[in-house]
Amino acid sequence: MKVSLIISSENTTLEKDLKMVLSDLRTFYMRYVPGHGESERERRKAFDELSKMKHDIEDADAIIYARSYGVFSKRGWTEFKKFFSVPVVISTESIINSLKRKGSQNVFLVTPYNQFRHDYEVKWLRDFGFKVIGSIAMGRTGGPAIASTPYQLVQDSVSIGHRNQEADSIYVACTILSTIPILDKLKGEKPVVTAASAILEELENVRQRRS
């Protein structure tokens, strides 16, 4: 399956991790800009940038949009899918779908972020109907700091979620945070959804629909 990956210029981990499990992957980088991409102006600028690469990106069986910029809402999901002519796996939509498939209601949240960005992730989950009953923010700011997060720190944070009696699932945020190499080590009493594992789950659904 031929896959095009769209990531932020500050994401130095996801391409390498996905190549562990995907044999035909081409990567396209978008400029990092601050903000969430939810305004008309922000989204228009994102589409203007993508338009320059659109032909090459669409030379694939599926596209992974592994950013949260512009796709925190269902409206964003719809607009990005309409923009491309091949199936698009959107990281944020994949996360929500994966949590719902696992019957999640009470989520223990783990993020690599500083408190301000972490609080936005809490709000985002709540807006989709989940209860965040516990959380850990690792306090890392910016792509390089997140990309260099030690695996042990992620594992220790997730283990706290497994011990939380109220949680029915654990969600580990951010596509820059490397989790594919340690997915087996994150397993425990509760289902664990990471941004990367949710993308792979959704991509498999696309592959099955094509077959």
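Let me sum up the structure you'll find in this document.

A separate point is the sheet that holds strand S5 (residues 106–111). Pairing is parallel in the open sheet, where four strands are placed in the order S6-S5-S7-S8. The sheet is open, and its two borders are formed by strand S6 (131–137) and strand S8 (192–194), each paired with just one other strand. Across the sheet, the mean angle separating the axes of adjacent strands is 20 degrees when strand polarity is ignored. Summarising the sheet, S5 and S6 pair through six bridges and their orientation is parallel. Among the inter-strand pairings, Val-110 is bridged to a residue of S6, identified as Ile-136.

Moving on to the pattern of salt bridges. A full pass over the atoms with the stated rule returns 18 salt bridges. Between Arg-43 and Glu-38 there is a salt bridge, with the nearest N and O atoms lying 3.3 Å from each other. Classification of Glu-38 by relative accessible area gives partly exposed; the value is 25%. Close ionic contact of Glu-201 with Arg-101 constitutes a salt bridge, the shortest N to O distance being 2.8 Å. Highlighted residues: Glu-201 in helix H9 (residues 195–210) and Arg-101 in helix H5 (residues 91–101), separated in sequence by 100 residues. Residue classification places Arg-101 among the partly exposed positions, given a relative accessible area of 44%. Salt bridges here are not isolated pairs; linked through shared partners, they connect Glu-38, Glu-40, Arg-43, Arg-75 and Glu-79.

Right, let's get into helix H6 (residues 115–127). The end-to-end C-alpha separation of H6 is 18 Å, in line with the 18 Å expected for 13 residues at 1.5 Å each. Those residues of H6 not exposed but buried are Arg-117, His-118, Glu-121, Val-122, Trp-124 and Leu-125. For H6, the buried positions fall inside an angular range of 160 degrees around the axis, keeping them on one side. The exposed residues of H6 that point more than 90 degrees off its buried face are Phe-116 and Asp-127. Downstream of H6 by one or two residues, Gly-129 has phi in the positive range, about 95 degrees.

Conventions we followed
- Residue indices begin from 1 for each chain and proceed along its sequence in written order.
- Note on the predicted model: pLDDT of at least 70 is required for a residue's local features to be given, and 80 or more for side-chain atom pairs to be given and counted; whole-chain, interface and lining totals, by contrast, use all residues.
- Remark: hydrogens and water are excluded; side-chain values derive from all non-hydrogen atoms of the structure.
- Strand pairing follows a simple DSSP-based rule, namely that at least 2 bridges must link the two strands.
- The way it works is that DSSP assigns letters per residue, a run of H or I at least four long becomes a helix, a run of E at least two long becomes a strand, and they are numbered from the N terminus.
- With axes taken as lines fitted to C-alpha atoms, and helix axes fitted only over the stretch in contact, angles between N-to-C directions fall between 0 and 180 degrees.
- Note on definitions: salt bridges are taken to be side-chain nitrogens of Lys or Arg within 4 Å of carboxyl oxygens of Asp or Glu.
- Remark: exposure states derive from per-residue accessible area (1.4 Å probe, protein chains only) relative to the maximum for the residue type, with buried under 20%, exposed over 50%, and partly exposed in between.
- Expected helix span is taken as 1.5 Å per residue step, with the number of steps being one fewer than the number of residues.
- Working note: the arc is built from the helix axis to C-beta atom directions.

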